[in-house]
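# Notes for the structure review
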Amino acid sequence: MSTSKPTRLVSLFNDGFDIRATLLRGRAWFALIIIIIVFSVLSPNYLSLNNILQMSAHVAVFAILSMGMLMVILNGGIDLSVGSTLGFAGIIAGSLMQGVDIPALGIKLFPAVWVVVLIAVACGAGIGFINGVLISRFRVAPFVATLGMLYVVRGAALLITGGLTFPKLQGSADLGNTGFNWLGFNRVFGVPVGVVIMLVIAILLSVLLNRTVFGRWIYASGGNNRAAELSGIPVKKVQIRVYVISGMCAAIAGVIIASELTSASPVAGETFELTAIAAVVIGGASLAGGIGAIRGTLLGAFVIGFLSDGLVIIGVSEYWQMIFKGGVIVLAVMLNAIHYRGRKRGPDSPPPTASFAAVSSAPAEPRAEKNVA
Amino acid sequence: MVMQGEVLLSARSVVKRYGGVHALKGVNFEVHRGAVTTLFGENGAGKSTLMKILSGVEVPTSGQLILDGQPVEFTSTVDAREKGISIIHQELSLAPNLSVRDNIFMGREITTNRGTVDYAAEEKAVRALMEGLEENISPKTLVSELRLGQQQIVEIARALSVNSRILIMDEPTSALSANEVEVLFRVIHDLTASGVSIVYISHHLEEALQITDFAVVLRDGEIVAQDEAANIDLVWIVSNMVGRNFDLGTPPTGYEFGETVLQVKQVSVADPANPDRYLVNNLTLDIRAGEIVCVYGLMGAGRTELLEAVAGRGSIASGEVLLNGMDVAKLSIAQRIERGLGLVPEDRQRDGLVQTMTVGHNLSLASLQSLVKGVLMSSTSESRLVDNQIAKVHVKTNGGGAAIGSLSGGNQQKVVIGKMLATNPTVILLDEPSRGIDVGAKAEVFGLLSSLASQGVAVLYSTSEVGECLSIAHRIVVMNKGRILASFGPNVTKEQIMSASGEAVLA
């Protein structure tokens, strides 16, 4: 047919454009695949099941932290206190495992492990609540409020221990508080418990974001706070709750780390907040709020984790590791900027494309909250 | 038509489109040396768009600008300023945290030989400017400490300090006192005498007529009339401005109004920047089920503040808002929506839409609670609601999953309206529902409001275009400086409304 050739040419052109768009949209996936391929070539052990599980256990801590951070970033905020909260929760767990003196009764209480974990997580929620109240009620900028909490909480952790580490958190059978190390050491069907917890949190938060009213509120108030407020969304409540979730996630990560090491250090989690932000950004979330998803953030955490573990395995110096990590983060932000260019525009400046063209290309556009990786 | 004075700057067949909105439809406009050319037109006629093109803020979609006989393209306002054209914007563009001096020389600081800012020289220049404007403002005063009128003077002084050949003034007098206006007009006379050309825009027609040398009337993006000052009068301007309007419908009839559903009783709203001033001043207004009320007022009349206060954004200083007889003044926005009171805000980009969400998610945003089954939202209920709303308000989109930015202004506006309608309101407030949408979409929006009213919804909308008052409204109230000045039935004339709002008193 005489007409078939030009048609195919046109579709070839379209495909060419699509490949670029696909590469851009799936950038975190491609980054992860490239990392795995490169390190597999450089080190034969990299792709072994055991190593993958080992690395995943490392990733889990960061991923849990990052998913909490994602809630805050989706809402248009930032939480710099998560690293300190992680350390603080570990210390709370550690000190409870050491036993609680009750001088009035002359006894020492050794709470059960599940109680310890619950209290530690509640502390994380409390720190998040303070962040949220400072930001939503007292209008302190998120960056400043959580930066302040970063110092306050770290200082509190150091005060509790006097700067020392709580060792030997295994507990003892006599006291009935054994099993703390289960979180960090054991495996469920061969999968480290930390990874299982990460997956459970991922599913819970994913359902929260996509299927509950509260999830939609997070996206809406992060995308346009004023419009959300006028639609009847309790924007301040939403703001407080995202910081509470972030604090809880940080505390869970802190308990897992303390369990893995069977010791709690007051300096655990230093600078982890930055890694968490990096994972969220690599996962395609917009720091301006309103765009991002759990799947992307998980991917972002895996990209960072597999990259840094790979660099350790092939024996790259720690200094070079830092440079590599930093480069990846900057690259990710650059690609985000390209991806979202023209999407967030100022008031009254309509989209660059004519309305017809934009409408006809709309199905190819992923929905905002699925727009990850 | 004979015009004296050479043409300094002209626009030839200038077209400007914003997405689906056709703001200018091939305009030929000329600026003459040493004369005041005044642009008349209703809101949305395209005046500001044309001025933005002449001053380099916007680039025309097609057409040409000719300066001194040569075609030019302005890449930015700085570029236009260097070529001798500067603009005083309707919205003030001052940095409130800086002093008068720093604002006036922002971006073009006078420097000493050592490269530091020459504050002494700047202050001397500012004093000279203020003297010319007969205003006693110290160069070191912070702009935030000045009242609005004085800020406008600073804005004018800044434009004067550039020594432009062409000075565009977009509503320069909106916050000025009568005295200040007189001084400004004297300054304008001096400027034109020294060869500077002025392009002047104002809603105060009589005032503008005093200084006009040449009048141009814009309507719906086209120039409909132009003539020398000697040949025109107020009647000529008004009749050309309003022209014959696109039919926006008539008030729905054939039913009785129901009970009074919304009562605004002696409500005052304080100016957040200056608590002693009231943006809404002791205002009382009732509306009954099935009734359509139009609030007419110019920028700064207090329309937005009134509607936002009723809807629950911000607090009222005094007075009561009764919804079905119950005081809602203490309720949150969500509670008011639940009780049937919803607001469609004026600025849909800033207050109406979440740009990062889809059409469907925007539509369901105010009624999410109704979609909950157990703990989770039902996606089937949601898509049913979205499809219903898309059909009900006639959004042209290929589905709820489309990006909100892919819609034209009119369809975006319908999404904002549809979002509120999904909450089943008994009273719906719409702040300038026609802002920035084309005339076809306007007619659709008004048709929608009309059918809502006939179903028993109380509709209250505001506008700054006279033509829109005389459409579907059963009652038209004219607002100015936070008060209601007059109230009319549907048979009022445009001239009566404009006269009541103090724009033009016709004999």
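Owing to the predicted nature of the structure, the values given are computational and were not obtained by experimental measurement. (Residues numbered from 1 in each chain as written. Chains lettered and ligands numbered in written order. Predicted model: local features only at pLDDT ≥ 70, side-chain atom pairs only at ≥ 80, totals over all residues.)

## Examining the overall build of chain B
The following threshold applies: Here a helix means four or more residues in a row that DSSP labels H or I, a strand means two or more in a row labelled E, and each is numbered from the N terminus. Note on method: radius of gyration uses C-alpha positions; expected globular size equals 2.2 Å times residues raised to 0.38. Exposure classification rests on a simple neighbour count of other C-beta atoms within 10 Å of a residue's own: a residue reaching 20 or more is buried, one at 12 or fewer is exposed, and one in between is partly exposed. C-beta atoms are placed from the backbone. A pair of residues counts as a contact when their C-beta atoms, built from backbone coordinates, are within 7 Å of each other.
Counting secondary structure elements, chain B contains 17 helices and 22 strands. A compact globule built from 507 residues would reach a C-alpha radius of gyration of about 23 Å, and chain B, at 24 Å, matches this within 12%. Dimensions of chain B, computed from the C-alpha atoms along their principal axes, are close to 75 × 50 × 50 Å. In chain B, which comprises 507 residues, the share counted as buried stands at 50%. Long-range contacts, defined here as pairs at least 24 residues apart, represent 70% of the contacts in chain B between residues at least 6 apart.

## Focus: the packing of helix α4 (residues 82-97) of chain A against helix α12 (residues 272-282) of chain A
Residue and element names in this part refer to chain A. The condition that has to hold: Axes, fitted as lines to C-alpha atoms, cover a helix only where it is in contact. Angles between the N-to-C directions of the axes lie from 0 to 180 degrees. The labels follow the angle: roughly parallel below 35 degrees, roughly antiparallel above 145, roughly perpendicular from 65 to 115, and oblique for the rest. Note that Gly is not counted as nonpolar here; it falls among the polar residues with everything else outside the nonpolar set of Ala, Val, Leu, Ile, Met, Phe, Trp, Tyr, Cys and Pro and the charged set of Asp, Glu, Lys and Arg.
At a closest axis distance of 6 Å, the pairing of α4 and α12 adopts a crossing angle of 125°. By the angle class used here, α4 and α12 are oblique. Of the residues in α12, those in contact with V82, G83 and L86 of α4 are F272, E273 and A276. Across the contact of α4 with α12, the residue classes break down as four nonpolar, one polar and one charged.

## Examining the environment of V445 of chain B
Residue and element names in this part refer to chain B. With respect to the secondary-structure elements, V445 resides in helix α15 (residues 439-454). Under the C-beta neighbour-count criterion, V445 is labelled buried, with 24 such atoms within 10 Å. Separated by 393 residues in the primary sequence, V445 and K52 have C-alpha atoms spaced 28 Å apart. The contacts of V445, once residues within four sequence positions are left out, are Q413, K414, I417, P433 and S434.

## A short note on the confidence of the model for chain B
Operational definition: The predictor reports its confidence for every residue as pLDDT, a score running from 0 up to 100.
Summing up the model confidence of chain B, the mean pLDDT is 87 and the portion of residues at 70 or higher is 96%. Predicted as a complex, the structure gets a pTM of 0.80 and an ipTM equal to 0.81.

## Thoughts on the domain arrangement of chain B
Residue and element names in this part refer to chain B. Quick reminder of the rule: Domain limits in this description derive from either an automatic procedure or a database domain assignment.
Each assigned domain of chain B is listed here: domain 1 (7-242), domain 2 (246-340 + 425-507) and domain 3 (353-424). In this structure, domain 2 and domain 3 have C-alpha centres spaced 25 Å apart. Each side of the interface is counted separately: domain 2 has 12 residues, and domain 3 has 12 residues. The leading source of residues in the side of domain 2 that touches domain 3 is α15, at four residues. Here the side of domain 2 that touches domain 3 is composed, by residue class, of eight nonpolar, two polar and two charged.

## Topic: the nonpolar core
Basically, it comes down to this: We define the nonpolar core as any set of buried residues of the types Ala, Val, Leu, Ile, Met, Phe, Trp, Tyr and Cys, connected via C-beta atoms lying within 7 Å of each other.
I64, L65, A93 and V303 of chain A are the most contacted members of the largest nonpolar core, which totals 254 residues. If sequence neighbours within four positions are ignored, A93 of chain A has contacts with V116, V117, A120, V255, A258 and A264 of chain A.

## A look at unusual backbone geometry
Phi at T271 of chain A takes a positive value of approximately 65°, unusual for a residue other than glycine. Residue N324 of chain B is not a glycine yet carries a positive backbone phi of 50°. Locating N324 of chain B in the fold gives a position in the loop between β14 (318-323) and β15 (326-327).

## A look at the confidence of the model for chain A
All names here are of chain A. Mean pLDDT over chain A stands at 83; residues scoring 70 or higher make up 86%. Looking across chain A, the model is least confident in helix α15 (residues 355-361), with a mean pLDDT of 31, and most confident in helix α9 (residues 213-223), with 96. Taken together, the stretch residues 1-16 has pLDDT below 50 and engages in zero contacts with residues farther than four places along the chain or on a different chain. Here residues 342-373 is a poorly scored stretch, pLDDT under 50, and it has 62 contacts once near neighbours within four places are set aside; other chains count.

## What about the sheet that holds strand β19 (residues 427-431) of chain B?
Residue and element names in this part refer to chain B. Heads up, the condition is: Pairing between strands is defined by DSSP: at least two bridges between them are needed.
Taken together, six strands build an open sheet; the order of strands is β16-β19-β20-β13-β21-β22 and the sheet is mixed. Edge positions in the sheet fall to β16 (341-344) and β22 (483-488), since each of these pairs with one other strand and no more. In this sheet, neighbouring strand axes are inclined to one another by 20° on average, regardless of whether the strands run parallel or antiparallel. Where β16 meets β19, four bridges bridge the pair, whose relative direction is parallel. Residue pairing across strands places L343 opposite L429, the latter belonging to β19.

## Observations concerning helix α1 (residues 47-54) of chain B
In terms of burial, α1 of chain B is a largely internal element, eight of the eight residues being buried. Just past α1 of chain B, the residue G56 of chain B takes up positive phi, approximately 85°.

## Some remarks on the sheet that holds β14 of chain B
All names here are of chain B. Here four strands make up an open sheet; going across it, the order is β12-β11-β14-β15 and the pairing antiparallel. Both edges of this open sheet fall to β12 (274-288) and β15, since each of them pairs with a single strand only. Where strand β11 (residues 260-271) lies against β14, five bridges are found, and the strand directions are antiparallel. Pairing of S268 across the sheet is with S318, part of β14. Contacts from helix α9 (residues 303-311) reach β11, β12 and β14 within the one sheet, and its direction differs from that of β12 by about 70°.

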